[in-house]
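# Residue-level structural notes
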Amino acid sequence: VTGRGRRAVGGVILAVTLLVACGGGGADGDAAERGPEGELTVLGPFLPEPPLSLAALYLTIDNRTGVDDVLLGARTEVAGEVVLHGAGMTALEGMPLPAGEQTVLEPGGAHLMLIDVVGVAAGGVVPVTLDFAVHEPVTVEVPVAPLGATEAP
Amino acid sequence: MSLRRRILTAAAAAAVVTLAACGGSAGGQDGSTFQGVELAEGAPRPSFTLTDTSGRPYDFAAETAGTTTLLFFGYTSCPDICPVHLATIATALETQEVALPDVEVVMVTVDPERDTPEVLRRYLDRFDPSFVGLYGTEAEVAAAQRAAGVTEAVDEVDEEGEPTGIVGHAAQVVGIGADDVQHVAWPFGTRSSVYAHDLAVLGQLVPGAAAP
């Protein structure tokens with residue numbers, strides 16, 4: 001976990017550089033959007049319609065609980081299994097959610113991969129329950145975006 | 001400074017891709033004809049033979065000669081990058097915001113074991129039934145990647161050396177002009193308007209002419 005934490009810090013520095021370089025060309029300009037103080041909030045979840053039976057779920061987690069936490073995984077009735085992936089499809093056992101920070105899972109980076117997905121089509125909504133090391137499970141209604149979408153519908 | 005934290009476990013690779021994307025979006029300002037990443041080498045249209053989804057041999061150089069071509073190495077179990085590339089390309093071809101040449105879109109699976117011709121066909125049909133899907137033995141696919149000058153796919157293994165089912169592969173799409181020269185690569189995150197712009201340029205290139 002320590003090694004992963006160090007890599008994540010490297011990612012922060014790079015990400016800041018890239019955001020500056022790109023003029024914030026990445027995610028939806030929601031830098032100002034925050035969850036309520038004292039709570040853990042899931043922002044902007046979406047799921048592009050899968051081409052076949054594998055789907056990627058993206059979201060931002062704003063941890064304002066004051067306590068470091070870890071995203072452990074997710075469950076949903078529309079998938080046989082959900083796996084947490086870092087960038088490059090590397091499986092992760094957990095995604096650190098440091099107190100006071102927003103953690104972003106976005107296209108081309110980390111995501112939750114849904115395996116053996118059935119009955120998920122653009123325009124629909126999928127309930128997904130996220131599991132954390134500290135916080136109680138959180139269920140979010142995830143809108144299904146069009147095939148290959150890179151942002152929420 | 002923003003408190004947002006990006007998770008980039010493959011930070012270096014992502015940085016290259018993203019920086020390339022940024023450079024591309026500023027296209028034209030550096031004198032480049034393309035909004036994607038212009039390839040300095042000007043390598044010829046790669047030559048390799050694989051099998052298409054109908055089971056017939058597909059001689060890439062011969063089948064696509066003289067035609068604007070997009071070449072992409074991917075696999076159908078990739079839920080993140082591959083569908084974005086293919087959907088964006090399909091959108092560029094469908095919307096035709098600018099007049100586009102005939103374009104051949106070719107995806108080579110780097111996971112031939114799981115991507116049977118049937119699976120590959122069903123996958124590509126979700127985006128555009130005209131997209132060509134190619135497969136071959138591991139050796140044949142590796143040879144195709146070397147011919148195209150892209151990073152060879154590797155089967156990733158976990159700490160115990162067991163395969164993870166994840167296939168690392170080049171994340172960019174390569175654009176080959178009607179002049180049979182590789183001119184441009186589009187990294188992950190390229191917009192459909194960028195594809196449309198560059199495809200129009202590629203279609204106007206004629207054999208034997210100097211590179212733009």
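Anything mentioned here points back to the structure above.
Residues numbered from 1 in each chain as written. Chains lettered and ligands numbered in written order. Predicted model: local features only at pLDDT ≥ 70, side-chain atom pairs only at ≥ 80, totals over all residues. Heavy atoms only, no water.

## Section: the overall build of chain A
- If you tally the helices and strands in chain A, you get 1 helix and 9 strands.
- Each helix and strand of chain A, placed in order from N terminus to C terminus, yields the pattern α-β-β-β-β-β-β-β-β-β.
- Looking at chain A as a whole, 49% of its 153 residues are labelled buried.
- Pairs at least 24 residues apart make up 67% of the contacts formed inside chain A by residues separated by at least 6 positions. (Helix = DSSP H or I, 4+ residues; strand = E, 2+ residues; numbered from the N terminus. Buried < 20%, exposed > 50% of the residue type's maximum accessible area, 1.4 Å probe, protein only. Contact = heavy atoms within 4.5 Å.)

## So, the packing of aromatic side chains
Residues and elements named next belong to chain B.
- Tallied over the full model, the rule gives 4 aromatic pairs over all chains.
- Taken together, a centroid distance of 4.8 Å and an interplanar angle of 10 degrees make the contact between Phe48 and Phe60 stacked. With a gap of 12 residues between them, Phe48 in the loop between strand E2 (37–38) and strand E3 (49–52) and Phe60 in helix H2 (residues 60–64) connect regions that are remote in the sequence. Assigned by exposure class, Phe48 and Phe60 land together as buried.
- Relative to Tyr195, the ring of Trp186 has its centre 5.0 Å away and its plane inclined at 45 degrees; by these criteria the two rings are tilted.
- A relative accessible area of 0% means that Tyr195 is categorised as buried. (Phe/Tyr/Trp six-rings, centres within 6.5 Å; stacked < 30°, edge-to-face > 60°.)

## Concerning the sheet that holds strand E11 (residues 182–186) of chain B
Residues and elements named next belong to chain B.
- The 8 strands lie next to each other as E2-E11-E10-E5-E6-E7-E3-E4, forming an open sheet whose pairing is mixed. Looking along the sheet, the strands with just one partner apiece sit at the ends: E2 and strand E4 (57–59).
- Bridge count for strand E5 (residues 68–74) against strand E6 (residues 103–109) is 7 bridges, and the pairing is parallel. Across the sheet, Phe72 pairs through a bridge with Met107, a residue of E6. (Pairing = 2+ DSSP bridges.)

## Some remarks on the environment of Val84 of chain B
- Assignment of secondary structure puts Val84 of chain B in helix H3 (residues 81–95).
- Sequence separation between Val84 of chain B and Asp102 of chain B is 18 residues; the distance between their C-alpha atoms is 21 Å.
- Excluding its chain neighbours within four sequence positions, the residues that come into contact with Val84 of chain B are Gly148, Ala149 and Thr150 of chain A together with Phe188 of chain B.

## Regarding the environment of Thr109 of chain B
All names here are of chain B.
- Inspection of the secondary structure assignment puts Thr109 in strand E6.
- A relative accessible area of 0% places Thr109 in the buried class.
- It is 7.4 Å that separates the C-alpha atoms of Thr109 and Gly133, two residues lying 24 residues apart in sequence.
- Setting aside its immediate chain neighbours within four residues, Thr109 contacts Gly74, Tyr75, Asp115, Leu120, Leu134, Tyr135 and Val141.

## Let's talk about the pattern of salt bridges
- By the definition in use, this model includes 7 salt bridges over all chains.
- The shortest N-O distance in the salt bridge between Glu37 of chain A and Arg64 of chain A comes to 2.8 Å. Placement of Glu37 of chain A in the loop between helix H1 (2–22) and strand E1 (40–48) and of Arg64 of chain A in the loop between strand E2 (55–63) and strand E3 (69–75) is noted, with a sequence separation of 27 residues between them.
- On the basis of relative accessible area, Arg64 of chain A is assigned to the partly exposed category, the value being 22%.
- Linking Arg126 of chain B and Glu49 of chain A is a salt bridge whose minimum nitrogen-to-oxygen distance equals 2.4 Å. Placement of Arg126 of chain B in the loop between helix H4 (117–125) and strand E7 (132–135) and of Glu49 of chain A in the loop between E1 and E2 is noted, with the two residues assigned to different chains.
- You can call Arg126 of chain B partly exposed: its relative accessible area is 32%.
- Given a relative accessible area of 15%, Glu49 of chain A falls into the buried group. (Salt bridge = Lys/Arg side-chain N within 4 Å of Asp/Glu carboxyl O.)

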